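# Fold and geometry: a report
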Amino acid sequence: MMPAPPDRVPLARVRRVLVTKLRHHGDVLLASPVISTLKRAVPDAEIDVLVYAETAPMLVNHPGLAQLHVIDRAWKTQGIVAQVRAESRLYRTLRARRFDLLVHLTEHPRGLALAMLLRPSYAVTRVRDEREHPRLWRRGFTHFYPLPRGRPRHTVETNLDALRRIGIPPAAEDRKLVMLPGPPAQARVDAMLAERAIAPKRFVQVHPGSRWLFKCWPPGRMAALVGKLVGDGYDVIVTGAPDERERAIVDDMLEALPGSSRARVHDFTGKLALLELCALTTRARLFVGVDSAPMHIAAAVGTPAVALFGPSDETEWGPWGVAHRVVASAEFPCRPCRNDGCGGGKISECLTTLPVDRVSAAVDALLAETAPIR
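Residues numbered from 1 in each chain as written. Predicted model: local features only at pLDDT ≥ 70, side-chain atom pairs only at ≥ 80, totals over all residues. Heavy atoms only, no water.

### Description of the packing of aromatic side chains
By the definition in use, this model includes two aromatic pairs. Considering the side-chain rings of Phe141 and Phe144, the 6.1 Å spacing of their centres and the 65 degrees angle between planes classify their relative orientation as edge-to-face. Residue placement shows Arg73 over the ring face of Tyr52; its charged tip is 3.7 Å from the ring centre. When the ring centre of Trp212 is taken as reference, the NZ or CZ atom of Arg211 above it lies at 5.0 Å. (Phe/Tyr/Trp six-rings, centres within 6.5 Å; stacked < 30°, edge-to-face > 60°. Lys NZ or Arg CZ within 6 Å of the ring centre and 35° of its normal.)

Take a look at the structure:
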């Protein structure tokens, strides 16, 4: 028998669990193994999740999910009365679920409010710095899990540490990311591909943008890579969020393409909802992009990924559980600095100086490694 913490949670008493992940899209997807692990450990329990409304598609079709609850950031713009009513409805809904266990995966202060208002028998969250660890926070939770000291490890594993702390070790199959597009999204994407006569697994998805501009590679260099892919016989589908800044990055990249390449480069920027983006990625032969939520979607659906990293740490945020190549500079000893560009200037030289031939070599190697057996 494997050892367990002496204060482990008695799983026989757990009927309903609330997992909270109030962060961005990629962070939410990287929490999907927590749902899988809980469902395997307590198969008769109902696993609910609380996320921000815009990130809900990342988990909505998870097979282990009972109910998905959301906080809409727009509540803050609707006036104090409307916001209080919306918050009250949410808490009433959550109270009615009568959770036995709260798994709060961040230091977000709302976790304390949930622990105090919902009164679960057990509540686990991260250890906080003692200077930021007020008495009320310590009283609100029953269990605390530490983050790794010294060298970090992947965010998937630190999320799972919450469960290890309460006596639920994850199995190998639990660690997989889970995102399912669903039939409507698959049907729309298949129609879009058929309209352009693009066969599944015969195109490369390129996602050059990010909501964080300091994570982006120069558009001209991405254009050179796209031109090389077209020359190798691939169609390229360019994806991006319906955001003005990402639109501008894509436009600059398309403008820099050689004319001979443009007929086989298809711009889907701003045309896909998140589940449709997931459906498209399942059909791609390869994903190429920067550290972003679409990179994590590629990992979740098993599409090989080439990921460009600058100031963020691939140890914590790299493609998880999928064949991949990370391209990062070895010439900047300061990376990963985790800053928003060099000196906070929004431009990360460790990323912008990555040469096209290094990225192209990584693409070629991964395509060869993952080539279908004939």
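Text resumes after the structure shown.
### Considerations on the sheet that holds strand β2 (residues 46–52)
Read from one edge of the open sheet, six strands run β3-β2-β1-β4-β5-β6, paired in parallel fashion. At either margin of the open sheet sits one strand with a lone partner, and together these are β3 (67–71) and β6 (143–145). Averaged over all pairs of adjacent strands, the angle between their axes in this sheet comes to 20 degrees, without regard to strand direction. By the bridge criterion, five bridges tie β2 to β3 in an arrangement that is parallel. Note on β3: the bridge partner recorded for Tyr52 is Ile71. Across the sheet, helix α4 (residues 110–118) is in contact with β1 (16–20), β2, β3 and β4 (101–104); its angle to β4 comes to roughly 175 degrees. The sheet strands contacting helix α6 (residues 155–165) are β4, β5 (122–126) and β6, and the helix crosses β6 at an angle near 145 degrees. (Pairing = 2+ DSSP bridges. Helix = DSSP H or I, 4+ residues; strand = E, 2+ residues; numbered from the N terminus. Axes fitted to C-alpha atoms, helices over the stretch in contact; angles between N-to-C directions. Contact = heavy atoms within 4.5 Å.)

### Some thoughts on the layout of surface pockets
In this structure, the largest pocket occupies an estimated 1200 Å³ of space. Along the walls of the largest pocket sit 45 residues, with His24, Gly26, Asp27, Trp212 and Lys215 positioned nearest its centre. Of all elements in the fold, only α1 (25–29), α6, α9 (244–255), α10 (274–283), α11 (293–301) and α12 (314–317) reach the threshold of two or more residues within the lining of the largest pocket. Considering only residue class, the lining of the largest pocket consists of 16 nonpolar, 15 polar and 14 charged. (1 Å grid on protein atoms, 1.4 Å probe; cavity = no way out; pocket = protein on both sides within 12 Å on 5 of 7 lines; lining within 4 Å. Points joined across faces, edges and corners; volume = space filled by probe spheres on them. Nonpolar A, V, L, I, M, F, W, Y, C, P; charged D, E, K, R; others polar.)

### Structural notes on the pattern of salt bridges
Considering all chains together, one arrives at 29 salt bridges under this definition. The closest approach of N and O atoms between Arg164 and Glu157, which form a salt bridge, is 2.6 Å. (Salt bridge = Lys/Arg side-chain N within 4 Å of Asp/Glu carboxyl O.)

### Examining α10
An α-helix turns once per 3.6 residues; consequently, residues spaced three or four apart project the same way. Taken across its 10 residues, α10 has seven buried, putting it largely inside the fold. Along α10, the positions that sit buried rather than exposed are Glu276, Leu277, Cys278, Ala279, Leu280, Thr281 and Arg283. Turning to α10, the residues buried within the fold contact α7 (183–195), β7 (203–207), β8 (235–238) and α11. (Buried < 20%, exposed > 50% of the residue type's maximum accessible area, 1.4 Å probe, protein only.)

By themselves these figures say nothing about function.
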